[in-house]
Amino acid sequence: MDSAVFQHFRPEERPFIERINDWRNQAMNEYRPILTNFLDPRQIFLIETVVGKVDDSFRYWQDGGYNQSERRRVIFAPGYFTPESQDYHIQLFEIKYPVKFATLSHGRILGTLINSGVDRSQFGDIITDGETWQFFGVESMASFFEEQIVKIGSINVRVEPVPILDAVKPVVDWQEESIVATSMRLDTIISETFNISRQRAKELVEDQRVQVNWSVNQHPDFQVDLLDMLSVRKFGRVQVLDVLGRTRKERYKLKIATLRRQPLSY
């Protein structure tokens, strides 16, 4: 791969970009489809940027189990190949719990899955219609999820595989908004999105209350890029969808998507 490619991305993204090239070469050299685990929106954006145009000799496809999925598995394949849904080997799981006596949340489910020892790439989106909770996972992990996930917090649960067609219609609270930011620093984006002081945003980052693409980030000066997913504990989530331009004072005009929670107490 041309080393000049890497200058357009973060240094820590280099290993993933090299993997993209490996997947593409493997699909081409072995003339067969190559399936990834679940990738986050930023990783999929990197694939789209690095691979660029496709032609009759090579293509890539993606699916996360439902149309609005954030996390998806990607198939790199020779041009002859057109995948069907079963080629992604995605299984839908439903969490059975005492609905009348207990309440689940996205954060508690995510925390339970990660703390079980399973890698984040082994499961995709967690969805709910307000009562029923489901998540998408790698098909080969079915036994693990069924046998190991028996409690979420203090709530006894049972995880059962169900047909993809039984996926609930997710309750979506995401809102598209526009903000103006002086820079693309992590603390600046948090400050402008949640209407808090820059110092407060900086403290949240340094106190390990902020994740970028599902990993804790303690660097207030981290440069946020397109499709990065920011999670701020007790505030919510924000994703930069587009840079709409600059103001006369060279500030960034951004289109963002937000999922707001109850603010932290001061």
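Details of the structure are given in the entry above.
Residues numbered from 1 in each chain as written. Predicted model: local features only at pLDDT ≥ 70, side-chain atom pairs only at ≥ 80, totals over all residues. Heavy atoms only, no water.

A.B. asks: Summarise the sheet that holds strand β10 (residues 175-181); cite the residues concerned and give the values.
C.D. replies: An order of β10-β15-β14-β13-β11-β12 is seen for the 6 strands of this open sheet, with the pairing classed as antiparallel. Each end of this open sheet is capped by a strand with a single partner; those strands are β10 and β12 (215-216). (Pairing = 2+ DSSP bridges. Helix = DSSP H or I, 4+ residues; strand = E, 2+ residues; numbered from the N terminus.)

A.B. asks: For the sheet that holds strand β4 (residues 90-96), give the residues involved together with the corresponding values.
C.D. replies: One open sheet holds the 4 strands; their spatial order is β5-β6-β4-β9, and the pairing between them is antiparallel. Pairing within the sheet leaves two strands with one partner each, and these edge strands are β5 (123-128) and β9 (158-162). Strand-to-strand twist across the sheet, computed as the mean angle between neighbouring axes with direction ignored, equals 30°. In this sheet, strand β6 (residues 133-138) lies alongside β4 in antiparallel orientation, the contact comprising 6 bridges. If you follow E94 over to β6, its bridge partner there is Q134. Strands in contact with helix α3 (residues 106-115) are β4, β5 and β6; relative to β5, the strand with the most contacts, it is inclined by about 155°. (Axes fitted to C-alpha atoms, helices over the stretch in contact; angles between N-to-C directions. Contact = heavy atoms within 4.5 Å.)

A.B. asks: Tell me about helix α6 (residues 198-206), residues and numbers included.
C.D. replies: Taken residue by residue, α6 has R200, A201, L204 and V205 as its buried positions. Viewed end-on, α6 has its buried residues packed into an arc of 140°, placing them on one side of the element. Q208 sits one or two positions beyond α6 and adopts a positive phi of about 65°. (Buried < 20%, exposed > 50% of the residue type's maximum accessible area, 1.4 Å probe, protein only. Arc of directions from axis to C-beta.)

A.B. asks: Residue-level account of the packing of helix α5 (residues 186-194) against α6, with values.
C.D. replies: Look at α5 against α6: their axes get within 8 Å of each other, and the N-to-C directions meet at 120°. The angle between α5 and α6 falls in the class oblique. Note that α5 runs across α6; the crossing there is right-handed. In this structure, α5 uses L186, D187, T188, I190 and S191 to contact α6, whose residues at the interface are R198, A201, K202 and V205. Counted by class, the contact of α5 with α6 contains 4 nonpolar, 2 polar and 3 charged residues. (Parallel < 35°, antiparallel > 145°, perpendicular 65-115°, else oblique. Left-handed = near helix turned anticlockwise from the far one by under 90°. Nonpolar A, V, L, I, M, F, W, Y, C, P; charged D, E, K, R; others polar.)

Function cannot be inferred from these measures alone, as they are strictly geometric.
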